[in-house]
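The residues making up each chain are set out below.
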Amino acid sequence: MDGSAGSHTQETQLLLQVTDSCSVPAALMCTRMAQWTTLLLLMRTNAVMMGPACRRHGQAALPQLSEEGDVIIGGVFSIHRTTRETIHSFTSKPHSPSCISSAGHHWRVWILSHNCSIICSWTFSHSFGDHFATCACLSNRNRFPTFFRTVPSDYYQSRALAQLVKYFGWTWVGAVRSDSDYGNNGMATFIEAAQQEGICIEYSEAVYRTYPREKILQSVEVIKKGTARVIVAFLALGDIIPLFQEMALQNVTGFQWVGSESWITASRLADNQDYGFLTGSIGFAIGKAKLEGLKEFLISVHPFQAPGNDLLKEFWETAFTCSFEKSNNSAGKTLCIGSESLNEVKNEYTDITELRITNKVYTAVYAVAHSLHLLFNGHSSIYSSTNSSYGQHFAPEQVLKYLRNINFTAKTGEQVSFDANGDPVARYELVNWQLAEKGTLQFKTVGLYDASLPPDRRFIMNQGNMVWAEGQLQVV
């Protein structure tokens, strides 16, 4: 007899003893006890008959990259837009997630951050990615005591948008936001600031990328039936695309769009001729910069330089629509032979004219580099060029101390520092969507906003070079 069978016999005997020992006054209690014991016995018996209980086979491996280096900096970046849907059997260990729909500028940020020799004199090594967060909620030092960012907080952007709307004399506007912390917090701050400026909000619609089409259509109807001709859109790029797709399908035009930084410089929108109704859009964008040597570095990248780097191979396959695997040729791809040249490619990856988020990643790494430099100088007795294990002597809290107080000028000319909340000085470019060749749109910088200046000097505007909704030359 096995152990489980012996255990069942003991439980059966216990059940009989409990039932037989019951006196008349306690009969009801004994009956209840017997019922529960029987139930537990049946559950045990069924479990044995059905076999071993469901258990986790292990943790799926996440796609990660790392290199040996003197200092390891972690990075989280979004290279792909979506994952390939997979139906799991739950009877064996699943394969690693398969990602699809990558974007050229995402690859650019990853390659820039993963190959830090172009950025700093120290030898850095870290995992890959592209992530930036502007939500004002992240300035809460009680919740996020160690959070720093090189992009401005939406606290300033929302107020700047309200001042921009007032500047052009718009007092009756509609509002659309992402149904997320980014959109809800940003729009709430905008509405509060707008009302203080005497601006009235006709409606405030919330959309999200996973909403059913019926809900997106409801928001489109609200916009169409509204009387406001100016719409302030505090939306993430992924959330605004379903809305714009429906507006393009219904040919909804004639609105002046005022956008937040997440979508106002999205080439994915500007290059789509279906979105011609966005001509004249204005909004605040994170400032762009010219990174010396970046173009030459980007076109020098080659998968043969790192044979074990699967992401670099994927990037190459994406850039040239080819495959290193012969089995994939059935999908219409040619075979990658390695002689392809990035110097002949013109896409988001090689376009260095709109280095906005890329520049902020660049600045972030420099901020850490300066902090480490100050830390090492302050502990020169520990650090030396012959000591290869100096990193073991320092804790993150020590780096944090110096990070709080950095103040330097980057090679791009940008002054870098953090306030008590870990935020940089809020500086934006005001961009205007104007028609370019082939019916696409281009971003023209027509002004600047600097929150560090007195209120009456924060705006620098060149209104004479602006166009408005549907290409008009006069403000709507």
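So, a few notes on the structure that sits alongside this text.

Quick notes on the rules
- Residues numbered from 1 in each chain as written.
- Predicted model: local features only at pLDDT ≥ 70, side-chain atom pairs only at ≥ 80, totals over all residues.
- Heavy atoms only, no water.
- Phe/Tyr/Trp six-rings, centres within 6.5 Å; stacked < 30°, edge-to-face > 60°.
- Helix = DSSP H or I, 4+ residues; strand = E, 2+ residues; numbered from the N terminus.
- Buried < 20%, exposed > 50% of the residue type's maximum accessible area, 1.4 Å probe, protein only.
- Lys NZ or Arg CZ within 6 Å of the ring centre and 35° of its normal.
- Expected span 1.5 Å × (residues − 1).
- Pairing = 2+ DSSP bridges.
- Right-handed = clockwise from strand over helix to strand, strands pointing away.

What about the packing of aromatic side chains?
Thought 1: Enumeration over the complete set of coordinates arrives at 23 aromatic pairs.
Thought 2: Ring geometry for phenylalanine 244 versus tryptophan 257: centroids 5.1 Å apart, planes at 85°, classification edge-to-face. Note that phenylalanine 244 is positioned in helix α7 (residues 237-249) and tryptophan 257 in strand β8 (residues 256-259), a separation of 13 residues in sequence.
Thought 3: For tryptophan 257, a relative accessible area of 1% gives the class buried.
Thought 4: Judged by centre distance (5.7 Å) and plane angle (55°), the rings of phenylalanine 284 and tyrosine 449 are tilted. One end of the pair, phenylalanine 284, is in strand β9 (residues 282-286); the other, tyrosine 449, is in strand β15 (residues 441-450), and 165 residues separate them in sequence.
Thought 5: Among the residues examined, phenylalanine 284 registers a relative accessible area of 0% and is labelled buried.
Thought 6: Clustering of aromatic rings is evident, with ring pairs tying together Tyr167, Phe168, Trp170, Phe284, Tyr428, Tyr449, Phe459 and Trp468.
Thought 7: When the ring centre of tyrosine 155 is taken as origin, the NZ or CZ atom of arginine 159, which lies over that ring, is 3.8 Å away.

Some remarks on the environment of glycine 413
Thought 1: With respect to the helices and strands, glycine 413 occurs in the loop between β12 (407-409) and β13 (415-417).
Thought 2: According to the relative accessible area criterion, glycine 413 is exposed, its value standing at 55%.
Thought 3: Note: C-alpha distance between glycine 413 and lysine 290 (123 residues apart in sequence) is 9.9 Å.

Comments concerning unusual backbone geometry
Thought 1: One non-glycine residue, asparagine 251, lies in the positive phi region at around 55°.
Thought 2: Within the secondary structure layout, asparagine 251 lies in the loop between α7 and β8.
Thought 3: We note that threonine 321 has phi near 50°; this positive angle belongs to a residue other than glycine.
Thought 4: With respect to the helices and strands, threonine 321 occurs in the loop between α10 (310-320) and β10 (322-323).

A closer look at α7
Thought 1: Compared with an ideal rise of 1.5 Å per residue, which puts 13 residues at 18 Å, α7 spans 18 Å between its outermost C-alpha atoms and is within 8% of the ideal.
Thought 2: Within the span of α7, buried status applies to Asp239, Ile240, Ile241, Pro242, Leu243, Phe244, Glu246 and Met247.
Thought 3: Looking one or two residues past α7, asparagine 251 carries a phi angle of roughly 55°, positive in sign.

Observations regarding the pairing of strand β5 (residues 172-178)
Regular strands show a simple pattern: their side chains alternate between the two faces of the sheet.
Thought 1: With respect to burial, β5 is a largely interior element, 6 of its 7 residues being buried.
Thought 2: Two strands pair when backbone bridges link them, and β5 and strand β6 (residues 200-207) are joined in this way by 6 bridges, in the parallel orientation. By the bridge assignment, alanine 175 is partnered in β6 with serine 204.
Thought 3: Following the backbone out of β5, through helix α5 (residues 181-196) and into the adjacent parallel β6, one traces a crossover that is right-handed.
Thought 4: Bridge count for β5 against strand β7 (residues 230-234) is 5 bridges, and the pairing is parallel. Pairing of valine 173 across the sheet is with valine 230, part of β7.

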